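# Descriptive analysis of the structure
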Amino acid sequence: MATTHQPLPSDEVLSHVIDVHCHPTDSEIPSSAMADLKTHICAMATRQDDQVKVADLARQRPDKVTPCFGFHPWCSHHISVLDTTPSKRDHYASLFLSGTPSEQDTTAFEEILKTLPDPIPLSTIVSSVRANLVEFPNALLGEVGIDRSFRIPYIPYPNPGPKKLSPFTVPADHQVALLEAQIALAVELRRSISLHSVKAQQVTLDLLKKLKEKYGEDFGKINVDLHSCGFSAESWKEVERKYPNVFLSLSIVINGRSPSHEDLIRKCSPDRILSESDFNDITSSTAYTWDMVCSIARLKGWSIETEGWNDEDGLEEEGWGVVRRLEWNWRRFIGPGLGLASDAPRAGRKARHLNDPAHKWRGEWVDESSESEEE
């Protein structure tokens, strides 16, 4: 059954829509697709073979693509986090066979071992991500994260067709080791992060706490987006309180499976929410992103724009429509880190708005320290 989408707005309005998380290089991109694209997209890399695809796409259309480089938890088992890379058999056995494995697990292991690549040293991964982040100063780290529900398929992703799943999952500590190595780069290079977290709410909360303790103010100099966020509304409000630099984004494809995402939208602060498609076909990403934009508008009680606007029009934030609000949030997310929670009294909404780094947006980020004061 075909998906029914919300009617799209004018091209002028769409030019302000940002799909903060999608996977266009997972499918063939028609030659006209990027020219026809009216929105801005964040194209995610996830594994070794698509880092270069995302880089090429960003080189072709820097006006429409923010590239994101990183290694997804679904390929984390391909990577050795040890100082000395073990043999292929020893590497995968250490991840999938613990204690005294059953005969069934041993048989499954021998079958899946044939399809798996030799392990890649963590240093190779880190070097690859670093090189891409350095080449693209506007690039983000993503898609990276933790997934405690993913089972290893017998036919490796992204091969098409139904997937026969093995009984094996990747230990959380292995995933976290890979993730922390990549986040260290993001902190060093001051890049925001698109973070995957599935069935890993407590692990993610522990990670945020650890990052704050380990990096201190440096962690506050980057921002984190919990993409297709599956947290409960109550847990999210706790994240909001503790981490001013953490956002959430939602997708129809993932979050639309459960009605609980509607409560999450209602409870999320208006300046922390973003929209995404999380889709693997560029010809459909706009429709899926717009569906989520419309859902956010409905649940937040925000208007939907029918025409563009001038950022200098002086309209108070309370009068903004959903697209303008989400675009502002995007600017905040990709701008300077929003810091760490303070025990000091919270500033009033108007003061926060005027002091927000996104208020300095002029097509690029303005370094206030280099500006001369007006007489």
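Residues numbered from 1 in each chain as written. Predicted model: local features only at pLDDT ≥ 70, side-chain atom pairs only at ≥ 80, totals over all residues. Heavy atoms only, no water.

## Some details on the pairing of strand S2 (residues 40–44)
The element S2 is largely enclosed, with a buried count of five among its five residues. Of the two faces of S2, the one carrying His40, Cys42 and Met44 and the one carrying Ile41 and Ala43 are both buried. Where strand S1 (residues 18–22) meets S2, three bridges bridge the pair, whose relative direction is parallel. Paired with Ile18 across the strands is His40, a residue of S2. Pairing of S2 with strand S3 (residues 65–69) involves four bridges; the strand directions are parallel. The residue of S3 that forms the bridge with Ala43 is Pro67. (Buried < 20%, exposed > 50% of the residue type's maximum accessible area, 1.4 Å probe, protein only. Helix = DSSP H or I, 4+ residues; strand = E, 2+ residues; numbered from the N terminus. Pairing = 2+ DSSP bridges.)

## A word on the side chain of His196
One can find His196 in strand S7 (residues 193–198). A relative accessible area of 7% means that His196 is categorised as buried. When neighbours within four sequence positions are excluded, His196 is seen to be in contact with His72, Pro73, Trp74, Glu143, Val144, Gly145, Ile146, Asp147 and His227. (Contact = heavy atoms within 4.5 Å.)

## Thoughts on the confidence of the model for the protein chain
Here the protein chain averages 91 in pLDDT, while 90% of its residues score no lower than 70. Here residues 359–375 is a poorly scored stretch, pLDDT under 50, and it has 17 contacts once near neighbours within four places are set aside; other chains count. (pLDDT = per-residue confidence, 0-100.)

## Focus on empty space enclosed by the protein
In the structure shown here, the tally under the stated rule is one cavity of 30 Å³ or more. Considering only enclosed or pocket space, the largest cavity measures out at about 60 Å³ in volume. Contributions of two or more residues to the lining of the largest cavity are made by S1, strand S10 (273–275) and helix H13 (322–334). Along the lines of polarity and charge, the residues of the lining of the largest cavity split into eight nonpolar, two polar and one charged. (1 Å grid on protein atoms, 1.4 Å probe; cavity = no way out; pocket = protein on both sides within 12 Å on 5 of 7 lines; lining within 4 Å. Points joined across faces, edges and corners; volume = space filled by probe spheres on them. Nonpolar A, V, L, I, M, F, W, Y, C, P; charged D, E, K, R; others polar.)

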